[in-house]
Amino acid sequence: MEAMTTDTANADIRAVFFDIDGTLTSFTTHTVPDSTIEAIHRLQAAGVKVLICTGRAPSQMHVVLDTMPVTFDGVVAFNGQYCFDDTGFFASQALDTADIEVILDWLDRHPDVVCNFGEKDYVYFNQSNDLLRATWSKLGKTAPTRYFEDPRTRALDHETFQISPFVGPELEAELVGLCSNVRGVRWHPDFTDLIPADGGKPRGIQRFMAHYGITREQTMAFGDGGNDTDMLAYAASGSRWAMRPPSPRPPPTTSLTMWTTTVCAMPCCISGCYAIKTSQQFALFCPAVTGLMNKQRARDESRAFGVSELTTPWRCYHSLSPAVAAVAVTAPFLSVFTPEYTQSV
């Protein structure tokens, strides 16, 4: 494949943001690969800040982070709405009370909808059903503890940063349309995360950029879900590249020409990456990040998102560097993921 290229030799990455579900952890193994932990340690040893950027609440991420021998430099929680670190830095943006009232009224008219309400140190559901139990079962050992409350008794009296109804896109659009300052972001097909319309993971990154005194070009991000799309587009690692197959190679069976690239900070070059195509985007499963080492596991993983296609094989091309490790800060290189051919499976 031929690709547009860029010069990253002068890149000065100062902060790297990692999503949790599907990125640090696999939806199949529910663990964090050792290679990912090693890469994070190397980044920090090189003086790079490593931060979490997740849709999870602060109280829901310990079930994952406590299993990792890593001290993260900061956390962006609730899809950008709640940012903090151990030095005392804190910035947040809660949902507007007027919009919460609209959502509560809508739930009264849809009594069968399960909904999750996220406060800074407490997350609760309005009720349970088979869909919630099935979804939580798929999260395996990374599933946080569930609590149940009547949101009418709490939501208007406690700062609420995110509300997650278990609805499809049609009902999501209906509900968002009733609110004044709300949009939905998804990382799972069963539910949407409702956040302020002017919020999102890029806003969380911006808050830490201001805190650290760094620029957008000095940031890098890793993510896999729909709620990561804005983050990947915003950070320096979220570039999009035009790809076209050279002749005489047979044309691909999947006729898409836009592919996502990222600056790679993994400690080695691993071939056999897999991509999934959803209705909204392509997501790349890099074995060094997700632990997905073969096509069958990639296929199983992708089914959690209702994926329409899995394409393979993919090759990971790195410019040669004597320190092809997480020393991307001192010897940065561009990783362009290009398919030799694509095949629907």
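Please read all numbers here as calculations on a predicted model, not as lab measurements.

Caption draft 1: The arrangement of the state of the cysteines in detail. A complete count under the given rule lists zero disulfides for this structure. Free cysteine Cys53: the closest other cysteine sulfur is in Cys83, separated by 7.6 Å. What makes Cys53 buried here is its relative accessible area of 0%.

Caption draft 2: Main features of helix 4 (residues 130-138). All of the buried residues along helix 4 are Leu132, Thr135 and Trp136. Buried residues of helix 4, viewed axially, fall in a sector of 95°; they line one side. Across from the buried face of helix 4, at angles greater than 90 degrees, the exposed residues are Asp130 and Ser137. Taken together, the buried residues of helix 4 touch strand 8 (123-125), strand 10 (182-188) and strand 11 (191-196). You can read the cap of helix 4 off the contacts: a side-chain oxygen lies 3.2 Å from the backbone nitrogen of Leu131, and it is on Asn129.

Caption draft 3: Main features of empty space enclosed by the protein. On inspection of all chains with the given rule, the structure shows two cavities of 30 Å³ or more. Space inside the largest cavity adds up to approximately 190 Å³. Every residue lining the largest cavity is counted, 19 residues in all, and those nearest its centre are Gln60, Asn116, Trp136, Trp187 and Phe191. Sorting the residues of the lining of the largest cavity by element identifies strand 7 (115-118), strand 8, strand 9 (162-165) and strand 11 as the ones contributing at least two each. Along the lines of polarity and charge, the residues of the lining of the largest cavity split into ten nonpolar, six polar and three charged.

Caption draft 4: The arrangement of the pairing of strand 3 (residues 49-53) in detail. Among the five residues that make up strand 3, four are buried, leaving the element largely enclosed by the rest of the structure. With four bridges connecting them, strand 2 (residues 15-18) and strand 3 associate as parallel partners. The partner of Phe17 across the bridge, within strand 3, is Leu51. Handedness of the β-α-β unit built from strand 2, helix 1 (residues 34-45) and strand 3 comes out right-handed. The pairing of strand 3 with strand 4 (residues 74-77) spans three bridges and is parallel. Each residue of the ladder has a partner; that of Leu51, found in strand 4, is Gly74.

Caption draft 5: Main features of helix 6 (residues 201-212). In a regular helix each residue adds 1.5 Å, so twelve residues correspond to 16 Å; helix 6 covers 17 Å between its end C-alpha atoms and thus fits that length. Residues Lys201, Pro202, Gly204, Ile205, Arg207, Phe208 and Met209 constitute the buried set of helix 6.

Caption draft 6: Summary view of the sheet that holds strand 5 (residues 82-84). Pairing within the open sheet is mixed, and its six strands lie in the order 6-5-4-3-2-12. At either margin of the open sheet sits one strand with a lone partner, and together these are strand 6 (90-92) and strand 12 (219-222). On average, each strand axis in the sheet is inclined to that of its neighbour by 15°, with strand direction left out of account. In the sheet, strand 5 pairs with strand 6 via three bridges, with the strands oriented antiparallel. Within the sheet, the bridge partner assigned to Tyr82 lies in strand 6 and is Ser92.

Caption draft 7: Inspection of the pairing of strand 4 at higher detail. Covered by surrounding structure in strand 4 are Gly74 and Val76 together with Val75 and Ala77, the residues of both alternating faces. Two strands pair when backbone bridges link them, and strand 4 and strand 5 are joined in this way by three bridges, in the antiparallel orientation. Within strand 5, the position partnered with Ala77 by the bridge is Tyr82. Following strand 4, the chain reverses through four residues before pairing antiparallel with strand 5; Phe78 in that reversal takes a positive phi of roughly 50°.

Conventions used here
Residues numbered from 1 in each chain as written. Predicted model: local features only at pLDDT ≥ 70, side-chain atom pairs only at ≥ 80, totals over all residues. Heavy atoms only, no water. Disulfide = S-S within 2.5 Å. Buried < 20%, exposed > 50% of the residue type's maximum accessible area, 1.4 Å probe, protein only. Helix = DSSP H or I, 4+ residues; strand = E, 2+ residues; numbered from the N terminus. Arc of directions from axis to C-beta. Contact = heavy atoms within 4.5 Å. Polar contact = N/O pair within 3.5 Å; in protein donor to acceptor, adjacent residues only side chain to side chain. 1 Å grid on protein atoms, 1.4 Å probe; cavity = no way out; pocket = protein on both sides within 12 Å on 5 of 7 lines; lining within 4 Å. Points joined across faces, edges and corners; volume = space filled by probe spheres on them. Nonpolar A, V, L, I, M, F, W, Y, C, P; charged D, E, K, R; others polar. Pairing = 2+ DSSP bridges. Right-handed = clockwise from strand over helix to strand, strands pointing away. Expected span 1.5 Å × (residues − 1). Axes fitted to C-alpha atoms, helices over the stretch in contact; angles between N-to-C directions.

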